[in-house]
Amino acid sequence: MKSAREKRLFRMVRIVCAIVFVVFAYTFLSLYKAPLLEIAYDLTATGKLQYDENITAAVLTFVLLLLTLWLNKFAKFSREWEALAYLPACTLLAFTTDIDRTIYTGGEFTWSWVWIGSIVAVVYMFASWVLQRVLFMRIKDITRAANRIMWRNLLLLSLLFCYTGMLSGGDENFKHEAMVYHYVKRGDYEKAKKVACRSLAASQQLTAARAYLLAHDGELGESLFTYPQYFGVEGLLPTAEATSPINMDTVCNFVKAKPAKNEKAIAFLQRASAVDTADVAVKDYYLSALLLDKRLDEFVDSLPVHYNIADVSSLPRHFKEALLLHGKMNDASDAQFADAELEKRYAEFVALEREHKDLLVRSNYVRKSFGDTYWWYYLYSGN
């Protein structure tokens, strides 16, 4: 028979493990995985209830806790191994949050989760069978055992939480796209633009989402090249497949035009900007497309159609950088469009280039100080 002190200790261990799991599961669902769950909810929900990350996290956490307590009535994990009772709950938590872009195409059945579930079930039952034959001995020194039991359970829970995170890893770019969607739905475009702003592995969908957000706020010509541009002009538009929260329809509604079949991005944006009713943001889309495609001559010819280039202060930053670069490269009077401060910065750019002969080394060093300029994009991107 267990002594009263043993019963109090085991009860405390059970309560502490439950509290730690609840805190982890709720935080994991309401913060880290909330954008992905929101996408899943919006795609599958048929009612008019709005998604609430806190309610969703609370309900799922409560269900997983109840499941754990119910299963442990049979498994009887206790003492140093109380935390093992949460193995099925952590597995289900990972399974629930393992959401990727295939959700837009109905999802893909994967045998990996069948194998994982089967292995977890076998491990859970085997561990229960073994431990029930070991954990019948009474504890001789309850005071010394208490710390050992508590810390061992906390260590096991930590390992289970790492296991949960690894299983539900998913596509990092899709997580970023989901976060953008999360902020855009709430009208917080500033936070949406800052999502993974320093990531060096952005997808085309995420790159296009940033371009859309910048265009929406009239900042495309001012800030486009402060973000990595790995897809050239194609990075201005999402792919045709609906595998991202911000899709082609979002951009088409904004520019008030739709691309024809097999129409190139730059041709589509040129057509959209040529409409008399096209606003400045749509024209900036086309001018940015010319810059991304490194068509400097066409850009210089097209810019006066959309902007008063006599007033240099009215030009967006990247457009001024492109004008200055064009003038310097052609030794023409276009350089006068750049202001004195920009001339000084370009001189620093050239001076830094001269310090390094190797192309790769020069590109990396220049990027540290000038990676947010059109100059770096034009001269080094794709090299």
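Here the structure is a predicted model, which is why all the values come from computation and not from measurement.

A few words now on unusual backbone geometry. Excluding glycine, residues mostly have negative phi values, and the peptide bonds linking residues are mostly trans. The phi angle at lysine 76 is positive, at roughly 60°, despite the residue not being glycine. Looking at the element boundaries, lysine 76 is found in the loop between helix H3 (53-75) and helix H4 (87-96). According to the relative accessible area criterion, lysine 76 is partly exposed, its value standing at 48%. Residues other than glycine seldom take positive phi values, yet lysine 256 does so here, at roughly 60°.

This paragraph deals with the packing of aromatic side chains. Across all of its chains, the model carries 22 aromatic pairs by this definition. Ring centres of tyrosine 41 and tyrosine 51 lie 5.7 Å apart, and the angle between their planes is 50°; this geometry places the pair in the tilted category. One end of the pair, tyrosine 41, is in helix H2 (residues 34-44); the other, tyrosine 51, is in the loop between H2 and H3, with ten residues separating them in the sequence. Looking at tyrosine 51, the relative accessible area reads 8%, which means it is buried. Taking the centre distance of 5.4 Å and the plane angle of 85° together, the rings of phenylalanine 349 and phenylalanine 370 count as edge-to-face. On the criterion of sequence distance, the pair formed by phenylalanine 349 in helix H16 (residues 340-354) and phenylalanine 370 in helix H17 (residues 359-370) is long-range, its members being 21 residues apart. Residue phenylalanine 349 is classed as buried on the basis of its relative accessible area of 0%. We classify phenylalanine 370 as buried; its relative accessible area is 5%. Three or more aromatic residues link up through ring pairs in this structure, and these residues are Phe24, Phe28, Tyr32 and Phe161.

What counts, and at which threshold
Residues numbered from 1 in each chain as written. Predicted model: local features only at pLDDT ≥ 70, side-chain atom pairs only at ≥ 80, totals over all residues. Heavy atoms only, no water. Helix = DSSP H or I, 4+ residues; strand = E, 2+ residues; numbered from the N terminus. Buried < 20%, exposed > 50% of the residue type's maximum accessible area, 1.4 Å probe, protein only. Phe/Tyr/Trp six-rings, centres within 6.5 Å; stacked < 30°, edge-to-face > 60°.

Function cannot be read off these values alone, since they describe shape.
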